[in-house]
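Listed below are the residues making up each chain.
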Amino acid sequence: YHIVGIFNSDEHGSQLGFPHHLHYDIFNEETYVVSSTERITVYDKHFFPVASFGKGRGLSKPKGLTVDANGNIYVLNGSGTGGDQPRISVFNPAFFKTRDIIYSEIPGLEKFAGTEIAVSASGRLYVAGQIEREEPPGIAVLDKDGGFLHWLTPVDEGVWRKVPVERADGLYPVYIND
């Protein structure tokens, strides 16, 4: 292995805070870095910082993100000052917020806080996280509008079968316990 790039500054040349989440958008060949400065910095395929967005666009303690095939950005936000609640904020490709999916408004997820997210080609959201510092029953699966569908739950016994799960970037095998 060899180093091909180092992310150490934003598009203004300012030092990045502690970077704690990285996402690579295969469709646009961009890399998103979430840092402790509560900003998300976007780098082009040559590792050059081209844009960033943060509190001014509605971010509050961003934890992670994913990008769908249309360039929409799904950001996991934590609790913030001013009464912000844990939520998923959805931004269009120009970084304008289009909506918030607030966990406390979803039956079964009232005390949930997401830490990792993925989006399928059909728009389903798969969110890992915690329920008041406890382990949830699994991965929360939401429909494209943010409605709770079900939990993907780990099981130790039974018969496992391989099924393809669609993501925005293709089909991937997942093992289901029947």
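For the structure given in this document, a descriptive report is provided here. (Residues numbered from 1 in each chain as written. Predicted model: local features only at pLDDT ≥ 70, side-chain atom pairs only at ≥ 80, totals over all residues. Heavy atoms only, no water.)

**Some details on the overall build of the protein**
Then, number 1: Regarding its fold elements, the protein presents 0 helices and 14 strands.
Then, number 2: For the protein, the N- to C-terminal ordering of α and β elements is β-β-β-β-β-β-β-β-β-β-β-β-β-β.
Then, number 3: In the protein, buried positions account for 38% of the 178 residues.
Then, number 4: When contacts within the protein are restricted to residue pairs at least 6 apart in sequence, those whose partners lie at least 24 apart make up 31%.
Then, number 5: Only carbon and sulfur atoms are counted for the fraction: they give 53% of the accessible area of the protein, which is about 10,300 Å². (Helix = DSSP H or I, 4+ residues; strand = E, 2+ residues; numbered from the N terminus. Buried < 20%, exposed > 50% of the residue type's maximum accessible area, 1.4 Å probe, protein only. Contact = heavy atoms within 4.5 Å. Areas by Shrake-Rupley, 256 points an atom, 1.4 Å probe, with all protein chains shown as cover.)

**Details of the sheet that holds strand E5 (residues 62–67)**
Then, number 1: Pairing within the open sheet is antiparallel, and its 4 strands lie in the order E5-E6-E7-E8. Each edge of the sheet is formed by a strand with only one pairing partner; in this case those strands are E5 and strand E8 (97–102). Across the sheet, the mean angle from the axis of one strand to that of its neighbour is 20 degrees, orientation sign disregarded. (Pairing = 2+ DSSP bridges. Axes fitted to C-alpha atoms, helices over the stretch in contact; angles between N-to-C directions.)

**What about the packing of aromatic side chains?**
Then, number 1: This structure, assessed with the given rule, holds 7 aromatic pairs.
Then, number 2: Note on Phe7 and Phe47: the rings are 5.7 Å apart at their centroids and 70 degrees apart in plane angle, and the pair reads as edge-to-face. With a gap of 40 residues between them, Phe7 in the segment before strand E1 (19–25) and Phe47 in the loop between strand E3 (40–43) and strand E4 (49–53) connect regions that are remote in the sequence.
Then, number 3: An aromatic cluster is built from Tyr103, Phe112, Phe148 and Trp151, whose rings are joined through pairwise contacts.
Then, number 4: Geometry around Phe96 places Arg57 over its ring, the cationic atom sitting 4.3 Å from the centre. (Phe/Tyr/Trp six-rings, centres within 6.5 Å; stacked < 30°, edge-to-face > 60°. Lys NZ or Arg CZ within 6 Å of the ring centre and 35° of its normal.)

**Observations concerning a nonpolar patch on the surface**
Then, number 1: Where nonpolar side chains cluster on the molecular surface, the patch consists of Tyr24, Ile26 and Phe27 and spans about 280 Å² of accessible area.
Then, number 2: Among the secondary structure elements, Phe27 is positioned in the loop between E1 and strand E2 (30–35). (Patch = residues over 30% accessible without salt bridge, like charges linked within 9 Å, V, L, I, M, F, W, Y side chains within 5 Å. Salt bridge = Lys/Arg side-chain N within 4 Å of Asp/Glu carboxyl O.)

**Things to note about the nonpolar core**
Then, number 1: Counting residues in each nonpolar core, the largest one holds 15 residues, and the members touching the most others are Ile88, Leu125 and Val127.
Then, number 2: Elements with a contribution of two residues or more to this core: strand E6 (73–77), strand E7 (87–91), strand E9 (112–119), strand E10 (125–131) and strand E11 (139–142).
Then, number 3: Considering every element that reaches this core, the biggest residue donor is E9, with 3 residues.
Then, number 4: Leaving out residues up to four positions away in the same chain, Val127 has contacts with Leu76, Ile88, Tyr103, Phe112, Gly114, Glu116, Ile117, Ile139, Ala140 and Leu142.
Then, number 5: One finds Tyr32, Ala51, Phe91 and Phe95 within the second-largest nonpolar core, a separate group that totals 13 residues. (Core = buried A, V, L, I, M, F, W, Y, C linked by side-chain atoms within 4.5 Å.)

**Regarding the pattern of salt bridges**
Then, number 1: One pass over the full model with this rule turns up 3 salt bridges.
Then, number 2: Two residues, Asp100 and Arg87, come together in a salt bridge whose shortest N-O distance is 3.6 Å. Here Arg87 lies in strand E7 and Asp100 lies in strand E8, a separation of 13 residues in the sequence.
Then, number 3: Connected via shared salt-bridge partners are Arg87, Lys97 and Asp100.

**Details of the environment of Phe18**
Then, number 1: Along the polypeptide, Phe18 turns up in the segment before E1.
Then, number 2: C-alpha separation for the pair Phe18 and Asn8, spaced 10 residues apart in sequence, amounts to 9.5 Å.
Then, number 3: Setting aside residues up to four positions removed in sequence, Phe18 forms contacts with Val34, Ser35 and Ser36.

Distances and angles like these do not, on their own, reveal function.
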